[in-house]
Amino acid sequence: MLQKTKNRILDLKKNCWIGTGGIASNTFFPEDEKDLHNYLKIKNNKKFFILGNGSNILFRDKGYSGKIIKLGKGFRGINFTQDKKHLICGAATLKKELSNFALKNNISGFEFLSCIPGNLAGGVKMNAGCFDNSFSDIVSKVVGYKFNGIKKTISANKIKFRYRRTNIPNDFVITNIIFKIKKSNYNVIKKKMDLYVKKKSISQPEKIKTSGSTFRNPSDKVKAWTLIKGAGCDKLNFEGAKFSGKHSNFLDNSSSASSKNIEKLISLTIEKVKNKYDVKLNLEIQVVGDK
Ligand SMILES: Cc1cc2nc3c(=O)[nH]c(=O)nc-3n(C[C@H](O)[C@H](O)[C@H](O)COP(=O)(O)OP(=O)(O)OC[C@H]3O[C@@H](n4cnc5c(N)ncnc54)[C@H](O)[C@@H]3O)c2cc1C
């Protein structure tokens, strides 16, 4: 049956970690793969924004008049493949769920997922990572649908994984991800997971409204936070729009600032860093919505 799940209005503030944005009037929540496939076929190559868990998104105040696709519970789950050599996971499975599953099953390589928010599809698309690990190390294949409704499997060796980005096309809805498996020992995996979580809590703010690293690090040696601090931008405040005192590359939206003011802060930071260091900062977060 077509479109079991109707299009709905989405309050963007409640659907991104930083808590900004207006309303999206046209969001489709496919229940399962069949529902998504039917919808895409009918929509015949229309443009969509695909929303994961919203941990890397800054939605604009005026909302989003385009269409959004947000995968629901039917896209969650973790299973071994028949040959037991890989894991096949639903795109909307949370990263933490997978790292916990891997721990229980003595599988190593997934420890870093314990301290990155969001779902697996958002992670693959962004090539998310920390502590010298990233999705590029563990992905074997990505399965999904083009906006024209055609199903496609992309092998990892065909994906260009770069620092916090990939060339996975924007008109491709990831539905499943297949991961490589490496067996290890429970205690070794647990120790690594605990270490990563501890390291993160020491260096990064927790329990604040943020979207993680605002800018990409210009290089391995030059960190965005040092440039932001060095240019005095950690002290800027546009009606509540500011960077975190604990980590100057993390926005802190505890004052519920408008996106407009956050964008002002971002622009001025880029300008000040450029003037002081002659380095152009590039956004890691994605700014989405109507201007
Ligand atoms: C407190 C905090 C800490 C963070 N720490 C880290 C960190 O250590 N390392 C790191 O890399 N990032 C970090 N981030 C950023 C963010 O968590 C990651 O980029 C995460 O992978 C995004 O996943 P998401 O599900 O929230 O995706 P979203 O933010 O919703 O989307 C991210 C991108 O993925 C695309 N996307 C989502 N779902 C699909 C799909 N099904 N098919 C195709 N495309 C899709 C979106 O269109 C968008 O382009 C942090 C963020 C926060 C708030």
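Being a predicted model, the structure only gives us computed values, none of them experimental.

Considerations on the sheet that holds strand β5 (residues 67-70)
Right, so step 1: Strands sit in the order β1-β2-β5-β3 across an open sheet of 4 strands; the sheet is mixed. Each edge of the open sheet is held by one strand with a lone partner, namely β1 (7-11) and β3 (48-51). Taken pair by pair, the neighbouring strands of this sheet meet at an average axis angle of 40 degrees, ignoring direction.
Right, so step 2: Pairing of strand β2 (residues 23-28) with β5 involves 2 bridges; the strand directions are parallel. Bridge assignment links Phe28 to a residue of β5, and that residue is Ile69.

Let's talk about the sheet that holds strand β15 (residues 172-180)
Right, so step 1: Taken in spatial order, the 5 strands of this open sheet run β6-β7-β15-β11-β12, and their pairing is antiparallel. The strands lining the two open edges of the sheet, one partner per strand, are β6 (78-80) and β12 (151-155). Averaged over all pairs of adjacent strands, the angle between their axes in this sheet comes to 25 degrees, without regard to strand direction.
Right, so step 2: Note: strand β11 (residues 139-146) against β12, 5 bridges, orientation antiparallel.

Examining the domain arrangement of the protein chain
A common way to report how large an interface is uses the accessible area buried once the components associate.
Right, so step 1: The domain boundaries assigned to the protein chain delineate domain 1 (7-73), domain 2 (76-203) and domain 3 (224-288).
Right, so step 2: When each unit is reduced to the centre of its C-alpha atoms, the spacing between domain 1 and domain 2 is 22 Å.
Right, so step 3: With 18 residues of domain 1 at the interface, the matching set in domain 2 holds 15 residues.
Right, so step 4: Those elements that provide at least two residues to the side of domain 1 that touches domain 2 are α1 (33-43) and β3.
Right, so step 5: A per-class count over the side of domain 1 that touches domain 2 returns 7 nonpolar, 7 polar and 4 charged.

Definitions and limits used
- Along each chain, numbering runs from 1 in the same order as the chain's sequence is written.
- With the structure being a predicted model, the display of local features is reserved for residues of pLDDT at least 70 and the display and counting of side-chain atom pairs for 80 or more, all residues being used for whole-chain, interface and lining totals.
- One requirement defines pairing of two strands: DSSP has to find at least two bridges between them.
- Every helix listed is a DSSP run of H or I at least four residues long, and every strand listed is a run of E at least two residues long, numbered separately from the N terminus.
- Convention adopted: a line fitted to C-alpha atoms gives each axis, helices being fitted over their contacting stretch, and angles between N-to-C directions are expressed from 0 to 180 degrees.
- Where a domain begins and ends is set by an automatic assignment or by a domain database.
- Our contact criterion uses C-beta atoms placed from the backbone: two residues qualify when those atoms are within 7 Å.
- Throughout this entry, Asp, Glu, Lys and Arg are counted as charged residues, while Ala, Val, Leu, Ile, Met, Phe, Trp, Tyr, Cys and Pro are counted as nonpolar. The remaining residues, Gly among them, count as polar.

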